[in-house]
Amino acid sequence: MASAGPSGGSSVNELASQLYDACLGGYSADHLFYQQDLLKLNVIPKNDVALLLQCTQRLVDQKLFRLLQGKNDRLAWKIISREDAEKLQNLSPDESLVYNVIHSTGRTGIWVRNIQNRTNLHKSILDRCLKSLEGKNYIKSVHNVKFPTRKIYMLAGLAPSEDITGGAWFTDGVLDENFINTVAGYIEYTVSRKSWFEVPAAADASRAKRIKTAADGSSSSAATSTTKEFLPFPRGYQGYPTVPMITAAVNESGITPVRLGEESILQLLDMLCYDRKLVALNNGENYKSVKNPEQVKTRQSRKPAPGASGDDGDNAEANRLVRNGMTEAPCGHCPVFKLCAPGGAVSPESCEYFDPWLEKALGF
């Protein structure tokens, strides 16, 4: 059927092609087109709704438009690239149905059982369609870290979202602890270098060098200490590193094969703060290190003994009565501290936690 167009004799196919080009040239591939949006393109003469519907149906038949249900159950269309349209034209109706369902989920992917529920296809038919689409490299199966036993499908040309892969810290769906520890160690050392002031060697020469006199009266110079000394910056110091600075340092270091975003770095910063290796300042805008660079290097270079768990330096430090006795003693984090009183139901005399802690900390 032909309809009078702007030139006096444009066919439905010509108008449909013009409509598609106008949509493709002026909007993104994810844009939803409603009836009024298509009429505003000034392609359909006299805003003829019947002619518009003929054009959209022609584009749907050619797999260049996808018919969808928009807001408030309104009819909507979405453009399909010519490359994807060629793929769909070579598919059977069942394969096309499965492909459209998978396409609609984007980078999230969809569980095979949900595909079956949405298509109402028999399992044998669905399996055949999925196998065919995978063989044509139209779709792929991905591993979901949240649901390892589920088979998830998505378009072959898309990268899975972090909800599926688990982000940068997962490799093939498995948490990469070595990679995490490597990057976390580099972050701690980088932050520590900007958190402490190194005392110049000349200022410490008198302490680093001693003159010893031997029994025969000769004198000898003792070996100069190679241990560097550091001092914390004064209160109000504004040079502590920010998240963007730390992220840039990690990406420029070459220790990671992939470029990490600020969200991934923030996860490690939170972990380091929980481990009491870093301290967040200004509501997380800046970070400073608890230990100076020499201490960080010494601890990271020390390998744990066979069969030992954790860092020897950290364990030794945790077993000492240091830093803040109130927070390390059981009283400092006792949930019923306010109820504790001599002679009461909860009292220092009957505390079952204090004596074991004191024995462990002081050794008697």
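Heads up: the structure comes first, above all this text.
Residues numbered from 1 in each chain as written. Predicted model: local features only at pLDDT ≥ 70, side-chain atom pairs only at ≥ 80, totals over all residues. Heavy atoms only, no water.

Draft legend 1. Looking closely at the overall build of the protein. The number of helices and strands found in the protein is 16 helices and 14 strands. Looking at the 364 residues of the protein, the share that counts as buried comes to 31%. Residue pairs at least 24 apart in sequence account for 52% of intrachain contacts in the protein once pairs closer than 6 positions are excluded. (Helix = DSSP H or I, 4+ residues; strand = E, 2+ residues; numbered from the N terminus. Buried < 20%, exposed > 50% of the residue type's maximum accessible area, 1.4 Å probe, protein only. Contact = heavy atoms within 4.5 Å.)

Draft legend 2. Fine view of the pattern of salt bridges. A full pass over the atoms with the stated rule returns 4 salt bridges. The closest approach of N and O atoms between Asp21 and Arg82, which form a salt bridge, is 3.1 Å. Residue Asp21 is found in helix α1 (residues 12-26), and its partner Arg82 is found in helix α4 (residues 82-89); the two are separated by 61 residues along the sequence. With a relative accessible area of 42%, Arg82 lands in the partly exposed category. Between Lys123 and Asp127 there is a salt bridge; the shortest N-O distance is 3.0 Å. Highlighted residues: Lys123 and Asp127, both in helix α7 (residues 123-135), separated by 4 residues, approximately one helical turn. (Salt bridge = Lys/Arg side-chain N within 4 Å of Asp/Glu carboxyl O.)

Draft legend 3. Looking closely at the pairing of strand β14 (residues 286-289). Here strand β13 (residues 278-281) pairs with β14 via 4 bridges, running antiparallel. Across the sheet, the residue bridging to Leu278 is Ser289, located in β14. Linking two consecutive strands that pair antiparallel, namely β13 and β14, is a turn of 4 residues; a positive phi of about 55° is found at Asn282 within it. (Pairing = 2+ DSSP bridges.)

Draft legend 4. Molecular detail of helix α9 (residues 177-193). Over its 17 residues, α9 extends 24 Å from the first C-alpha to the last, a length consistent with the 24 Å expected when each residue adds 1.5 Å. Within α9 the residues assigned to the buried category are Phe179, Ile180, Val183, Ala184, Gly185, Ile187, Glu188, Thr190, Val191 and Ser192. (Expected span 1.5 Å × (residues − 1).)

Draft legend 5. Examining the sheet that holds strand β5 (residues 139-142) more closely. Strand order in the open sheet made by the 3 strands is β4-β6-β5, with antiparallel pairing throughout. This sheet does not close on itself; its edge strands, each paired only once, are β4 (110-111) and β5. With 2 bridges joining them, β4 and strand β6 (residues 152-155) adopt antiparallel strand pairing. From the neighbouring strand, Ile110 faces β6, where its bridge partner is Tyr153. Relative to the sheet, helix α5 (residues 93-104) contacts β4, β5 and β6, its axis offset from that of β6 by approximately 90°. Helix-sheet contacts for α7 involve β5 and β6, and the interaxial angle to β5 is about 105°. (Axes fitted to C-alpha atoms, helices over the stretch in contact; angles between N-to-C directions.)

Draft legend 6. Spotlight on the sheet that holds strand β2 (residues 65-69). On the basis of which strands lie adjacent, the open sheet formed by 3 strands has the order β1-β3-β2 and antiparallel pairing. Both outer strands of the open sheet, β1 (32-34) and β2, are each paired with one neighbouring strand and no more. Across the sheet, the mean angle separating the axes of adjacent strands is 40° when strand polarity is ignored. Looking at chain direction, β2 and strand β3 (residues 75-79) are connected through 5 bridges and run antiparallel.

Everything listed here is a matter of geometry and, on its own, says nothing about what the molecule does.
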